[in-house]
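Reading the structure
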Protein chains: 2
Amino acid sequence: MYDLILKKRNGENLSKEEIYFIVKEFTNGNIPDYQMSAFLMAVYFSGMASKEITDFTIAMADSGEKIDLSTITGFKIDKHSTGGVGDKTTLVLAPLVAACGGKIAKMSGCCLGHTGGTIDKFESIPGFNTALTKEQFIENVNKIGIAIMRQTEQIVPADKLIYALRDVTATVDSIPLIAASIMSKKLASGSDGIILDVKTGNGAFMRKYEDAKKLAEVMVDIGGNAGRKTTAIITDMNQPLGYAVGNSIEVKEAIDTLNGTGPRDLMELCIELGGEMLLIFGLAKNNKEGKEKIINAIINGSGLKKFKELIKAQGGNPLVVENPSLLPQCKEKIEIKSEKSGYIKNINTCSIGIASQILGAGRKTRNDKIDLSVGIYLKKKISDKVIKGETIAVFHTDGNENKINEAKERFLNTYKINNKKINPPKLILAKVTKNKASNHI
Amino acid sequence: MYDLILKKRNGENLSKEEIYFIVKEFTNGNIPDYQMSAFLMAVYFSGMASKEITDFTIAMADSGEKIDLSTITGFKIDKHSTGGVGDKTTLVLAPLVAACGGKIAKMSGCCLGHTGGTIDKFESIPGFNTALTKEQFIENVNKIGIAIMRQTEQIVPADKLIYALRDVTATVDSIPLIAASIMSKKLASGSDGIILDVKTGNGAFMRKYEDAKKLAEVMVDIGGNAGRKTTAIITDMNQPLGYAVGNSIEVKEAIDTLNGTGPRDLMELCIELGGEMLLIFGLAKNNKEGKEKIINAIINGSGLKKFKELIKAQGGNPLVVENPSLLPQCKEKIEIKSEKSGYIKNINTCSIGIASQILGAGRKTRNDKIDLSVGIYLKKKISDKVIKGETIAVFHTDGNENKINEAKERFLNTYKINNKKINPPKLILAKVTKNKASNHI
């Protein structure tokens, strides 16, 4: 291991055998943490070549259980978002694509973000069970074209161990390591295609567009090298996606969107990603046709119908679709008023995430319990006009004064308002479909 | 600690308090190895500013026992060499300077090199004891102006812990870390002045001149910042110093040099360093006068006399000076013949060190026992003319065939001989007396 640290420190590339040695022996406990953390810091500085990153990712995927989806007939696609505030895309996108004939076998990990993850959002629906067995998962995809499953503990143990170490040694924000962490789980989950939504902006992990682009390129490169059809879309996260930030309020917004009455940006994103997915599936000749089919699935209600089928198949109460008040409801709603008049120029998206976490919508540590009913419902977004005293957001709370005051304090500084009229920001920034990654990242 | 790793990783400078926190809490076991190794790798890549290196060095010096030499009247100088093959300089230099009126309080650490360290060489003299108490050490310097003491275990514990971690995480060759390691021990040893012999070339730790120069500058900078008069000389180590490589055979060569009959290069180095030391002591007006005094101490025999006093004061047999056969003698001498005629162009100095270690002159691990009688006595050095079949070296051995064959194999490829006549290499390459270190190393 000493020689491999030295090699990486000196900027040399490691062979496949060397990469496998590191991942395997670290996972088995034969490489001490202090050598692995030195190696990870050397990777942070020296980077990795395209082939090394692919080897590293596949070695990680090979470190634990891999899901065999071969008994599902046809092509299967997994979708992943690098995470943002108010991102309920999967809840809308997956049923729409399934309604158009695509096979969605979606595995999702536990989330440590400002709000819950996709799993938490689905579990806001009373009775909805994401802890499927592999057999149920496969059976559901075969039967209704869609299933959502909580990632098992046995998937990519190397990533859990490596991530825990990165988290305490300032080696999280290394593009090769981020890409390998995400893609190893996608590879182990067994889908034939992968669609990636890489977020960038002040509410995303990748704040800078250039970093998001690099990450997207590296992930598409890994996917391609590993024989999976992979496409990435780079999207703006300089404000929350849609208006709802929380769990059950995001489910409500997803239902609205499937009904055709959702927020413009969420709608746009689902149509874009859905069109791309239908293209990968071979269910559309081009992106334009794919988008049209997705729009159709909204208009004719087949997406919403598929959502109800999904809920029913996983033990949930499908009546929430017609009656969203069956979703967990908060104790007390509090209107937040604007202290200024003008046009919204800027939103500190990360702070909105933190404010919703303070209200109870997200986890600080892995064992925290989420309050599925709370969150923040925005009334205004970038480019909107506001008048002093007008409601800019509604807090959905559990009535706890301390939390409310702390969240309010966080929230009030998030909006920058001035007198200049501006256009809303562009949502879809770029698409990465083949390896444009530079040779060494 | 996480924030400090991140800060260093991002190339920022740490404050004195932050540096002390790291050194103290790591030494106390409160910072885990995996965080420290990530920090050390970040230092390898990001470097350290002059002030940070000084803070780090002083924090390390403060991590354990410090020697108080204030009861020794007058200025005290410690000498350090970064290590090379055949380096017996201290054995000659220290008595010469003491004979000229300088106070030499020399502490020396255990050596893991190809041959023994200064302590091992002194202990080749029958009866010579380097495990002095602090009281004996101070008393001897006060009485005869010179004492040599084995470093206690309590000196700079932080360095032992950090070095052990660097050694297994490929973070040894970082100039700030090397400088801090060396200088922390010098600071803790309590001398007022420090003279450093920084070796460069194929037998030195710093192979490249530029690296040696940087290291010298950083160490002189630390010494100055810590209030010690510090001078470094950069010297060539592209061939062994003198002809003897071992332990007792190096003592013999040191005695010859004190007698005025030693090798030219060793003589030159001792005169240069000695002149510089007398200048720091204020015992000479300039380097030239200092050198003349050192030469005089050779000619008038006062250096040799001081050496005998030193041996006597530390329990050794001073008769070795007149009768070097009282030193440990090897079992069998083997002449190594040249396979080629011509001029010696190049010597692989490191390989000569390894060959002498194979014969038993050095340690591979800390607990190895050294054979003080064995080693390699060179007959030819760079620029010398040799004839095929002529003896180029004599192995001093314990008669073990396996060791002899292995050492011979190592040794025979060390000499590059061709027909072009060349000049001997320059020994003294540069002198570093004040801070010429760039701001960030």
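Every chain is numbered on its own, with residues counted from 1 as its sequence reads. Chains carry letters from A onward and ligands carry numbers from 1 onward, assigned in written order. Totals for whole chains, interfaces and linings use all residues, but because this is a predicted model, local features are given only for residues with pLDDT of at least 70 and pairs of side-chain atoms are given and counted only at 80 or more. Heavy atoms throughout the structure, all of them, feed into the side-chain values; hydrogens and water do not.

Right, let's get into the overall build of chain A. Put simply, DSSP marks the helices as runs of H or I at least four residues long and the strands as runs of E at least two long, and each gets a number from the N terminus on. The secondary structure content of chain A amounts to 16 helices and 13 strands. A compact globule built from 441 residues would reach a C-alpha radius of gyration of about 22 Å, and chain A, at 22 Å, matches this within 12%. Based on the C-alpha atoms only, the size of chain A along its principal axes is roughly 65 × 45 × 40 Å. Taken across its 441 residues, chain A has 58% of its residues classed as buried. Here the globule rule is a power law, 2.2 Å times the number of residues to the power 0.38, and the radius of gyration is based on C-alpha atoms. Exposure classes here rest on a 1.4 Å probe applied to the protein chains alone. A residue is buried below 20% of its type maximum, exposed above 50%, and partly exposed in between.

A word on the relation of the copies chain B and chain A. Superposing chain B onto chain A requires a rotation of 179 degrees together with a translation of 0.0 Å along the rotation axis, leaving an RMSD of 0.1 Å. Between the two chains, the operation in question is that of a two-fold axis. Within chain B, B:Tyr34 has its C-alpha nearest the rotation axis, a separation of 1.9 Å. Should any heavy atoms of two residues lie within 4.5 Å, those residues are considered in contact. Interface overlap between copies: 100% of the residues of chain B at the interface are likewise at the interface in chain A, consistent with a symmetric, same-surface contact. C-alpha atoms of residues with pLDDT of at least 70 in both copies form the basis for the least-squares superposition of the copies.

A few words on helix α10 (residues 209–225) of chain B. Residue and element names in this part refer to chain B. Under the convention used throughout, the expected extent of a helix is 1.5 Å for every residue step, that is, one less than its residue count. With 17 residues, α10 extends 24 Å from end C-alpha to end C-alpha; this agrees with the ideal 24 Å at 1.5 Å per step. Where α10 is concerned, the buried positions are Ala-212, Leu-215, Ala-216, Glu-217, Val-218, Met-219, Val-220, Asp-221, Ile-222 and Gly-223. Taken together, the buried residues of α10 touch α4 (50–61), α9 (175–188), β4 (193–200), β5 (229–236) and β13 (428–432). Gly-227 sits one or two positions beyond α10 and adopts a positive phi of about 80 degrees.

With that settled, the discussion passes to the environment of A:Asp236. Residues and elements named next belong to chain A. Secondary-structure assignment places Asp-236 in strand β5 (residues 229–236). The exposure class assigned to Asp-236 is buried, which follows from its relative accessible area of 10%. Taking the C-alpha atoms as reference, Asp-236 lies 7.8 Å from Pro-425; in sequence the two are 189 residues apart. As used in this structure description, the phrase polar contact means that two N or O atoms lie within 3.5 Å; if the pair is within protein, one of them must be able to donate a hydrogen and the other to accept it, and residues adjacent in sequence are counted only when both atoms belong to side chains. A distance of 2.7 Å separates polar atoms of two side chains, one belonging to Asp-236 and the other to Asn-238.

Moving on: the interface of chain B and chain A. In this complex, chain B contributes 22 residues to the contact, which on the side of chain A involves 22 residues. Buried area between chain B and chain A, summed over both chains or domains, comes out near 1,800 Å², and the portion from carbon and sulfur atoms is 67%. For chain B, the biggest contributors to the area lost against chain A are B:Arg9, B:Tyr34 and B:Phe45; these three give 36% of the whole. The salt bridge criterion pairs a side-chain nitrogen of Lys or Arg with a carboxyl oxygen of Asp or Glu, the two atoms within 4 Å. One can count two salt bridges joining chain B with chain A. The shortest N-O distance in the salt bridge between B:Arg9 and A:Asp173 comes to 2.5 Å. Looking at the side of chain B that touches chain A, the elements that each hand over two or more residues are α1 (2–9), α3 (33–46) and α8 (157–168) of chain B. With ten residues, the top contributor of residues to the side of chain B that touches chain A is α3(B). Looking at side-chain class alone, the side of chain B that touches chain A contains twelve nonpolar, six polar and four charged residues. A 1.4 Å probe defines the accessible area here, and the buried area is the portion of it lost by two parts on being joined, summed over both. The classification used treats Ala, Val, Leu, Ile, Met, Phe, Trp, Tyr, Cys and Pro as nonpolar, Asp, Glu, Lys and Arg as charged, and all other residues, Gly among them, as polar.

Further remarks concern the sheet that holds strand β10 (residues 385–386) of chain B. The strands making up a sheet associate through backbone hydrogen bonding, with each pair oriented either parallel or antiparallel. Residues and elements named next belong to chain B. The pairing criterion for strands is at least two bridges between them, as found by DSSP. As summarised here, the arrangement of the three strands in space is β10-β8-β12, forming an open sheet in which the pairing is antiparallel. Each edge of the open sheet is held by one strand with a lone partner, namely β10 and β12 (415–418). Pairing of strand β8 (residues 342–347) with β10, which is carried by two bridges, proceeds in the antiparallel orientation. Looking at β10, one finds that Tyr-343 is bridged to Lys-385.

Residues and elements named next belong to chain A. We call Phe, Tyr and Trp rings a pair once their centres come within 6.5 Å, taking the six-membered ring for Trp, and we label the pair stacked below 30 degrees between planes, edge-to-face above 60, and tilted otherwise. Applying the stated criterion to the full structure yields 15 aromatic pairs over all chains. A ring pair is formed by Tyr-44 and Phe-45, whose centres lie 5.1 Å apart and whose planes are at 80 degrees; its orientation type is edge-to-face. Considering the side-chain rings of Phe-75 and Phe-281, the 6.1 Å spacing of their centres and the 80 degrees angle between planes classify their relative orientation as edge-to-face. Residue Phe-75 is found in the loop between α4 (50–61) and β1 (76–81), and its partner Phe-281 is found in helix α12 (residues 264–281); the two are separated by 206 residues along the sequence. Phe-281 gets classed as buried once you look at its relative accessible area, which sits at 14%.

Turning next to the pattern of salt bridges. Inspection of the entire model under this criterion finds 58 salt bridges over all chains. Between B:Lys380 and B:Glu390 there is a salt bridge, with its nearest N and O atoms 2.8 Å apart. Taken together, the positions of B:Lys380 in the loop between β9 (375–378) and β10 and B:Glu390 in the loop between β10 and β11 (391–397) put the pair ten residues apart, joining distant regions of the chain. Assessed through its relative accessible area of 27%, B:Glu390 is described here as partly exposed. Linked through salt bridges whose partners overlap, the residues forming this network are A:Asp87, A:Asp197 and A:Lys199.

Residues and elements named next belong to chain A. Angles shown run from 0 to 180 degrees and are taken between the N-to-C directions of axes, each axis being a line fitted to C-alpha atoms and, for helices, limited to the stretch in contact. Between helix α9 (residues 175–188) and helix α10 (residues 209–225), the shortest axis-to-axis distance is 9 Å and the interhelical angle comes to 50 degrees. What the angle tells us is that α9 and α10 run oblique. Note on packing geometry: the crossing formed by α9 with α10 is right-handed. Judged by residue contacts, Ile-175, Ile-178, Ala-179, Ala-180, Ile-182 and Met-183 of α9 engage Asp-211, Lys-214, Leu-215, Val-218, Met-219, Ile-222 and Gly-223 from α10. By residue class, the composition of the contact of α9 with α10 is ten nonpolar, one polar and two charged. Oblique is the label for any angle not under 35 degrees, not over 145, and not in the 65 to 115 range, which are roughly parallel, roughly antiparallel and roughly perpendicular in turn. Left-handed describes a crossing in which the near helix is turned anticlockwise from the far one by less than a right angle; the clockwise case is right-handed.

For the rest of this paragraph, the subject is the domain arrangement of chain A. Residues and elements named next belong to chain A. Domains are outlined according to an automatic or database domain assignment. Domains assigned within chain A are domain 1 (2–61), domain 2 (76–177 + 187–322 + 428–439) and domain 3 (329–418). Spacing between the C-alpha centres of domain 2 and domain 3 amounts to 25 Å. Facing 29 residues of domain 2, the contacting portion of domain 3 comprises 29 residues. Between domain 2 and domain 3, roughly 2,200 Å² of surface is buried when both sides are summed, and carbon and sulfur atoms account for 55% of that area. When the shortest N-O distance is used, the salt bridge between Asp-265 and Lys-381 registers 2.6 Å. Inspection of the domain 2/domain 3 interface yields 14 residue pairs in polar contact (both at pLDDT 80 or more). Listed by contribution, the elements that provide at least two residues to the side of domain 2 that touches domain 3 are β6 (244–246) and α11 (248–258).

Moving on, we come to the sheet that holds β9(B). Residues and elements named next belong to chain B. Pairing is antiparallel in the open sheet, where four strands are placed in the order β6-β9-β11-β7. Taken across any chain shown, the strands that pair with only one partner, and hence form the sheet edges, are β6 (244–246) and β7 (332–337). Within this sheet the neighbouring strands show an average axis-to-axis angle of 15 degrees, counted without direction. Bridge count between β9 and β11: four bridges; the pairing is antiparallel. Along β11, the bridge assignment pairs Gly-375 with His-396. Contacting β6 and β9, helix α15 (residues 349–358) crosses the sheet at an angle of about 135 degrees to β9.

This brings us to a positive patch on the surface. Residues A:Lys340, A:Lys345, A:Lys416 and A:Lys420 make up a contiguous surface patch of positive charge. Within the fold, A:Lys340 resides in the loop between β7 (332–337) and β8 (342–347). Exposure above 30% relative accessible area and no salt bridge define the residues that can form patches, which grow by joining like charges within 9 Å and nonpolar side chains of Val, Leu, Ile, Met, Phe, Trp and Tyr within 5 Å. Computed with a 1.4 Å probe, the accessible areas rest on the Shrake-Rupley method; for each residue, only the protein chains presented here act as cover. Here the positive residues are Lys and Arg and the negative ones are Asp and Glu; neither His nor the chain ends is included. The atom standing in for a charge is NZ when the residue is Lys, CZ when it is Arg, CG when it is Asp and CD when it is Glu.

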